[in-house]
Amino acid sequence: MANESGIRREICEIGRRLYAKGFAAGNDGNISYRLNENTVVCTPTQICKGFMREDDLCVVDYDGWQKAGSQNRTSEILLHLEIYKADPSIMSVVHCHPPHATAFGVARVDIPTCILPEVEIFLGIMPRAEYETPGGQSFAETVRPFIGKANTVVLSNHGTVSWGDSVEQAYWKTEIVDAYCRILLLAAQLGNIERLPLPKQMELLELKKRFGVGEDTRITHGGEMYVNPDFGTSASIASQHEALAQGIADRVAEILKQRGQQK
Ligand SMILES: [Zn+2]
């Protein structure tokens, strides 16, 4: 049985960290915890996550109906509930808009894997869910394909969602994915991203098995080591530059043609 007051304190503390890290501008983001088989405690709507008090939080059932709290529950609770219903072992969900990871969602670029050892061990694959208008059931369902296969998902044109055994654990996955994406973006500016060689990737997956850090579908289902293997490599940067140059050349040719027709 969860100590509800301790959980509420932890949600407020994680809210402060989300806000301090710049992961939740204004009133963005939401945090929840599975209290028992009937209810979930969550953050209210329209509140800055950096300044919440324990009695600001709401309690809802698994259909999203509010059971307690003076403020209205977050409009994105259906996303959290979808995750809890799909996997009874998940205890906490954190959703926010960390800028570097969200940039991948906006660019609709899949986050590449097998680059930093800790990210492989603690996060594994970080898939990207399709875009859907936030708040509704169809939005909540966009993450369903990844529950049981990942613990952190990028929401296209929106943000991230991560989950775990505790509020703290769901939160630090968000922190790791954003730091990782920041490093990838910096390295891409340097012109190259070196992926770990395959034998070293396998060593990490072995370590992961030994640490018992959740299941990794790359171990259980074999293969599929790469997500977006081309990201940031000199070949992909060269092809991006080529595409850009081609785009400019096409546009110039079009303008010249239009001018020719006007004469
Ligand atoms: Zn959101």
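Above: the structure in question.
Before going into details, it helps to say that this report is about the structure given with it. Keep in mind that this is a model prediction, so the values were computed, not measured. (Residues numbered from 1 in each chain as written. Predicted model: local features only at pLDDT ≥ 70, side-chain atom pairs only at ≥ 80, totals over all residues. Heavy atoms only, no water.)

**What to know about the packing of helix H1 (residues 4-20) against helix H6 (residues 167-190)**
So, step 1. Running from N to C, H1 and H6 point in directions that differ by 15 degrees, and their axes come no closer than 10 Å. Taken together, the axes of H1 and H6 lie roughly parallel to each other. Taken as a pair, H1 and H6 cross one another with a handedness that is right-handed. Contacts between H1 and H6 involve Glu-10, Ile-11, Ile-14, Arg-17 and Leu-18 from the first element and Val-167, Glu-168 and Tyr-171 from the second.
So, step 2. Here the contact of H1 with H6 is composed, by residue class, of five nonpolar, no polar and three charged. (Axes fitted to C-alpha atoms, helices over the stretch in contact; angles between N-to-C directions. Helix = DSSP H or I, 4+ residues; strand = E, 2+ residues; numbered from the N terminus. Parallel < 35°, antiparallel > 145°, perpendicular 65-115°, else oblique. Left-handed = near helix turned anticlockwise from the far one by under 90°. Contact = heavy atoms within 4.5 Å. Nonpolar A, V, L, I, M, F, W, Y, C, P; charged D, E, K, R; others polar.)

**Examining the coordination of the zinc ion**
So, step 1. On the protein side, the zinc ion has His-95 (NE2), His-97 (NE2) and His-158 (NE2) as donor atoms, found 2.1 to 2.2 Å from it.
So, step 2. Between consecutive donors of the zinc ion, the numbers of intervening residues give the motif H-x1-H-x60-H. (Donors = N, O, S within 2.8 Å, 3.2 Å for Na, K, Ca; no water.)

**Considering the nonpolar core**
So, step 1. Core analysis: the largest hydrophobic core is formed by 23 residues, its most contacted members being Leu-81, Ile-83, Val-143, Val-153, Leu-155, Val-161 and Trp-163.
So, step 2. Elements with a minimum of two residues in this core: strand E2 (39-42), strand E3 (58-61), helix H2 (77-86), helix H5 (137-141), strand E7 (152-155) and strand E8 (159-164).
So, step 3. Counting residues per element, this core draws most heavily on H2, which supplies six residues.
So, step 4. Apart from residues lying up to four places away in sequence, Ile-83 is in contact with Ile-90, Val-93, Val-143, Ile-147, Val-161 and Trp-163.
So, step 5. Residues Ile-31, Val-41, Leu-57 and Val-94 belong to the second largest nonpolar core, which totals 19 residues. (Core = buried A, V, L, I, M, F, W, Y, C linked by side-chain atoms within 4.5 Å. Buried < 20%, exposed > 50% of the residue type's maximum accessible area, 1.4 Å probe, protein only.)

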